[in-house]
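Chains, contacts and geometry: an overview
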Amino acid sequence: MSTPPAVPWGGAGPYAAALRTGRGPLFLRRTDGWLLPLEVERWCARADPVDRAVLDRCEGAVLDVGCGPGRLVAELAARGRTVLGIDVSEAAVGHTVRLGGQALRRSVFEPLPGEGRWGTVLLMDGNVGIGGDPHALLDRVARLLRPGGLLIAETAAVDVDERSEVRVVNGTDAETGGDGPETDGRGVGAGGPGSEAGGDGAFPWARLGTPALLRYAGRAGWRTVGQWTTGRRRFAALRSHGPRSASSSAEPANSTALISSQRARNPSADRPVADR
């Protein structure tokens, strides 16, 4: 499987700077100038009641795709759950580890530990947009889950089905129209099959409301098992192909094998914190 192309928020840049300070402003900016605010302060805080209610639904070992600074990984780890976060941002992986979680610097489209054995995959905080291709992302998640495994996704607060090229910009760049510093990092999950990051640092992203996600999922054979709204946040739970396990709340007997070879917690661009 090929390495995702270089796009700006895997290394040094606006995203890494925001995670270091724990605050924004930070935006995804479309090529037409429209800005999507990113909730850096919430991401860098501990899991809130809405987050914790979502995590109560998790089954078996959990893979948090695009884990960001790791609040969900840390919360699940504190509960004694088997959990791994993945993110292509070195700063995000480092933050997750400092909170006590396990994380790999890796794209969802790259080889991952425990493929086909995860009980739950999380796509929170808009990460249904990763790679800009909902079909490809849902197909990849289905291959990561065990048969009948659970996907919990957070969708856009409005009914939208949009694919676009975006950049990560900070408040200054948003006001001036600048593009911010170029980096040599890899984008957050962007770079799935067929994606190309141009020289200007733009990368493909998608915004999906719940109806759009359910349409894509239904065509791919997923079964909807729940959808709910809490405050301004919306979620959907989907089950992959295959029979449901006899005990949906119990972790598989070999769940600890999903995250093997515990390494020194010193994340770098080339070495994961925990690897296969």
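**Quick word on the sheet that holds strand β6 (residues 118-123)**
- Within the open sheet, the seven strands sit side by side as β5-β4-β3-β6-β7-β11-β10. Their pairing is mixed. Strand pairing shows two members of the sheet lacking a second neighbour, β5 (103-105) and β10 (223-230), which therefore form its edges. Direction aside, neighbouring strands of the sheet carry axes that sit 20 degrees apart on average.
- In the sheet, strand β3 (residues 62-65) pairs with β6 via three bridges, with the strands oriented parallel. Across the sheet, residue V62 finds its bridge partner in β6, namely T120.

**Focus: the packing of helix α1 (residues 14-21) against helix α5 (residues 90-98)**
- Taken N-terminus to C-terminus, the directions of α1 and α5 make an angle of 25 degrees; their axes are 8 Å apart at the nearest point. For the element pair α1 / α5, the angle class is roughly parallel. Across from Y15, A16 and L19 in α1, the residues of α5 making contact are A91, A92 and H95.
- Split into classes, the residues belonging to the contact of α1 with α5 amount to five nonpolar, one polar and no charged.

**Let's talk about the confidence of the model for the protein**
- Averaged over the protein, the pLDDT score is 81; the fraction of residues at 70 or greater is 73%.
- Of the regions scoring below 50 in pLDDT, residues 1-8 engages in 27 contacts with residues more than four places distant in sequence or in other chains.

What counts and what doesn't
- Residues numbered from 1 in each chain as written.
- Predicted model: local features only at pLDDT ≥ 70, side-chain atom pairs only at ≥ 80, totals over all residues.
- Heavy atoms only, no water.
- Pairing = 2+ DSSP bridges.
- Helix = DSSP H or I, 4+ residues; strand = E, 2+ residues; numbered from the N terminus.
- Axes fitted to C-alpha atoms, helices over the stretch in contact; angles between N-to-C directions.
- Parallel < 35°, antiparallel > 145°, perpendicular 65-115°, else oblique.
- Contact = heavy atoms within 4.5 Å.
- Nonpolar A, V, L, I, M, F, W, Y, C, P; charged D, E, K, R; others polar.
- pLDDT = per-residue confidence, 0-100.

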